[in-house]
Amino acid sequence: MSLDIAAIRSQFPILSREVYGRPLVYLDNAASSQAPQRVVDAIAKAYTTAKANVHRGNHLLSHQATDAMEAGRVAAARLINAPSRDEIIFTRGTTEALNLVAATMGQGLKAGDEVVVSAMEHHSNIVPWHLLSQRNGIVIKVIPMLPDGSLDLDAYARLLSDRTRMVSVCHASNVLGTINPVKQMAAMAHKVGALFCVDGAQSTPHACIDVQDIDCDFFAFSSHKVYGPTGIGVLYGRRAILEQLPPYQGGGEMIGHVHWGDITWADIPYKFEAGTPDYIGAAAFAAAVDFVEELGMANIAAHEQQLAEYARGQMAAIPGMRFFGNAPERCGVISFLIGNAHHYDTGLLLDKMGIAVRTGHHCAQPLMDALAIEGTVRASFAVYNTEAEVDALVAAIRRIAPLLDR
Ligand SMILES: *Cc1c(COP(=O)(O)O)cnc(C)c1O
């Protein structure tokens, strides 16, 4: 099915705003996507009709707030095909989800135990493991890349051993667009008895996710990159593992009972949700899932792929264009430099022409080190982007290229 992009765009009021007197061309979706009106409406509805603390109150508003939040949990489970809603933990986002994994499963690790990550990780899948290694002496091993920006799976196989306790990798790279073969990698990790965690921040907005098919033990993503509100994200965890893990933070909601000298934990997922959750964010996330399901993720993915291929083709014709990320399987992320021009200057000039792209190291400094660059310019697509917007980007690059110090 091909999508009616004009009709989709009309659901995003922000897309019709201007910047510096020019129409906005929003190509920074890998950092945060825009939210459709129904998500904004869900937030407004919660604030105007049912703002009350969840799970505790014995009054109607609290029941309605609880139902709305739990509907968000069911929607999240559906989006990634989790076996049950109990395996969906609400967090502040991907970052907190990965910190939760490292902090809880990390308590069972000791000096010399190994955690494997890849060379293309976001800082949020590096720093939590680094903190753990400072705390208890675990060893971090890094899967290297091949020249095209895909992971070296032979090297990965050699890194795995009976010391490997955890493999944690991104499903899709936020810089290179590379889609990693996580199903195959999970099977390899399980063969040596390690757990497998997926950073799904960049794949969940652009691909049909099935955590049961991947057979991963953990899967993390952020609502704000999937057309949803900020401040809320999800950690999926396999039930048997979640039940064994210690709690993450302590506070209200995560306990069974609390007496001096005798504390028990709540059942999953609440054991991992200390304190008042972002219940309105969770409720509004259900509206984002509704938006995705109405269009169909396969249709969204096809549109974005087509757009990214068109953009790559148009941009490749510009003299001096350098692309980063040439793996055969990629999502709609294009990282580039114009000759030796600084990414920051390029981004600044594009911004003045109304085009929003990301510049810098994209929270992946070790990857920049591996590429021997300081940063890139990154254009990234969502379902509402059009070929006309790609044309605007390409025309803008052609105009500014002669102005840049290359
Ligand atoms: C955005 C991103 C994160 C972090 O997500 P937050 O929403 O900032 O917590 C982690 N990994 C990847 C690959 C990302 O793109």
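One can find the structure itself at the top, above this paragraph.
Residues numbered from 1 in each chain as written. Predicted model: local features only at pLDDT ≥ 70, side-chain atom pairs only at ≥ 80, totals over all residues. Heavy atoms only, no water.

### Here's the deal with the packing of helix α2 (residues 37-49) against helix α10 (residues 279-295)
Part 1 of the reasoning: With their axes 8 Å apart at the nearest point, α2 and α10 run at an angle of 150° to one another. With respect to their mutual orientation, α2 and α10 come out roughly antiparallel. Regarding α2 and α10, the two cross each other, and that crossing is right-handed. Facing R38, V39, A42, I43, A46 and Y47 of α2, the residues of α10 in contact are I280, A284, A287, A288, D290, F291 and E294. (Axes fitted to C-alpha atoms, helices over the stretch in contact; angles between N-to-C directions. Helix = DSSP H or I, 4+ residues; strand = E, 2+ residues; numbered from the N terminus. Parallel < 35°, antiparallel > 145°, perpendicular 65-115°, else oblique. Left-handed = near helix turned anticlockwise from the far one by under 90°. Contact = heavy atoms within 4.5 Å.)

### Observations concerning a nonpolar patch on the surface
Part 1 of the reasoning: Among the surface-exposed residues, V258, I263 and W265 lie close enough to one another that they form a single nonpolar patch of about 290 Å² accessible area.
Part 2 of the reasoning: Here I263 falls in the partly exposed class, since its relative accessible area comes to 44%. (Patch = residues over 30% accessible without salt bridge, like charges linked within 9 Å, V, L, I, M, F, W, Y side chains within 5 Å. Areas by Shrake-Rupley, 256 points an atom, 1.4 Å probe, with all protein chains shown as cover. Salt bridge = Lys/Arg side-chain N within 4 Å of Asp/Glu carboxyl O. Buried < 20%, exposed > 50% of the residue type's maximum accessible area, 1.4 Å probe, protein only.)

### Concerning the pattern of salt bridges
Part 1 of the reasoning: Using the criterion set out here, one finds 19 salt bridges in the structure.
Part 2 of the reasoning: As a salt-bridge pair, R378 and D28 come within 3.6 Å of each other at their nearest N and O atoms. Residue R378 is located in strand β17 (residues 376-380), and its partner D28 is located in the loop between β3 (25-26) and α2; the two are separated by 350 residues in the primary sequence. Both residues of the pair, R378 and D28, belong to the buried class.
Part 3 of the reasoning: Where D215 meets R238, a salt bridge forms, and the shortest distance between an N and an O atom there is 3.0 Å. Of this pair, D215 sits in the loop between α8 (211-214) and β9 (218-222) while R238 sits in the loop between β10 (233-237) and α9 (239-244), and the two are 23 residues apart along the sequence.
Part 4 of the reasoning: Counted as one network, the salt bridges with shared partners bring together E70, R73, R85, D86, R239, E243 and E273.

### Here's the deal with the sheet that holds strand β16 (residues 358-360)
Within a sheet, neighbouring strands are paired by backbone hydrogen bonds and run either parallel or antiparallel to one another.
Part 1 of the reasoning: Judged by pairing direction, the sheet is antiparallel, and its four strands sit side by side in the order β13-β14-β17-β16 without closing on themselves. Each end of this open sheet is capped by a strand with a single partner; those strands are β13 (321-324) and β16. When the angles between neighbouring strand axes are averaged without regard to direction, this sheet yields 30°.
Part 2 of the reasoning: Where β13 and strand β14 (residues 333-338) come together, four bridges link them in antiparallel fashion. For F323, the partnering residue across the bridge sits in β14 and is F336.
Part 3 of the reasoning: Running over the sheet, helix α11 (residues 297-316) touches β13 and β14 and is turned about 10° from β14. (Pairing = 2+ DSSP bridges.)

### Some details on the nonpolar core
Part 1 of the reasoning: F196, F219 and Y227 are the most contacted members of the largest nonpolar core, which has 74 residues in total.
Part 2 of the reasoning: Two domains each put at least three residues into this core: domain 1 (5-30 + 296-403) and domain 2 (40-293).
Part 3 of the reasoning: The residues contacting F196, other than those within four sequence positions of it, are Y156, M166, V167, V169, V182, M185, A186, A189, H190, C216, D217 and F218.
Part 4 of the reasoning: Core analysis: the second largest hydrophobic core is formed by 28 residues, A311, A341, V357 and L393 among them. (Core = buried A, V, L, I, M, F, W, Y, C linked by side-chain atoms within 4.5 Å. Domains from an automatic or database assignment.)

### Quick word on the side chain of N174
Part 1 of the reasoning: Topologically, N174 is positioned in the loop between β7 (164-170) and α7 (182-191).
Part 2 of the reasoning: A distance of 2.9 Å separates the side chain of N174 from the backbone oxygen of H362, its partner in a polar contact.
Part 3 of the reasoning: Ignoring any residue separated from it by four or fewer positions in sequence, one finds N174 in contact with H122, Q202, V333, H362 and R378. (Polar contact = N/O pair within 3.5 Å; in protein donor to acceptor, adjacent residues only side chain to side chain.)

### Focus: the sheet that holds β10
Part 1 of the reasoning: If you trace the seven strands from one edge of the open sheet to the other, you get β4-β10-β9-β8-β7-β5-β6, paired in mixed fashion. The strands lining the two open edges of the sheet, one partner per strand, are β4 (88-91) and β6 (139-143). Adjacent strand axes in the sheet meet at a mean angle of 20°, parallel and antiparallel pairs treated alike.
Part 2 of the reasoning: With respect to the sheet, helix α4 (residues 94-105) is in contact with β4, β7, β8 (195-199), β9 and β10, its orientation differing from that of β9 by roughly 150°.

### Looking at the environment of L100
Part 1 of the reasoning: For L100, the location among the structural elements is in helix α4.
Part 2 of the reasoning: Between the C-alpha atom of L100 and that of L235, which follows or precedes it by 135 residues, the distance is 8.5 Å.
Part 3 of the reasoning: When neighbours within four sequence positions are excluded, L100 is seen to be in contact with I89, T91, L235, Y248 and F272.

### Notes on the environment of A284
Part 1 of the reasoning: Looking at the secondary structure, you find A284 in helix α10.
Part 2 of the reasoning: Residue classification places A284 among the buried residues on the basis of a relative accessible area of 0%.
Part 3 of the reasoning: Each C-alpha atom of the pair A284 and S223 lies 9.5 Å from the other, and the pair is 61 residues apart in sequence.
Part 4 of the reasoning: In this structure, A284 is in contact with V39, A42, I43 and P229, ignoring residues within four places of it in sequence.

### What about the site of the ligand?
Part 1 of the reasoning: If you check the shell around the ligand, you find T94, T95, H122, S124, N174, D199, A201, Q202, S222, H224 and K225 and nothing else.
Part 2 of the reasoning: In the model, an oxygen atom of the ligand is placed 2.6 Å from a nitrogen or oxygen of the T95 side chain.
Part 3 of the reasoning: K225 places a polar side-chain atom, nitrogen or oxygen, 2.8 Å from an oxygen atom of the ligand.
Part 4 of the reasoning: Within the complex, the protein chains bury 86% of what would otherwise be the 380 Å² of accessible surface of the ligand. (Near = heavy atom within 4 Å.)

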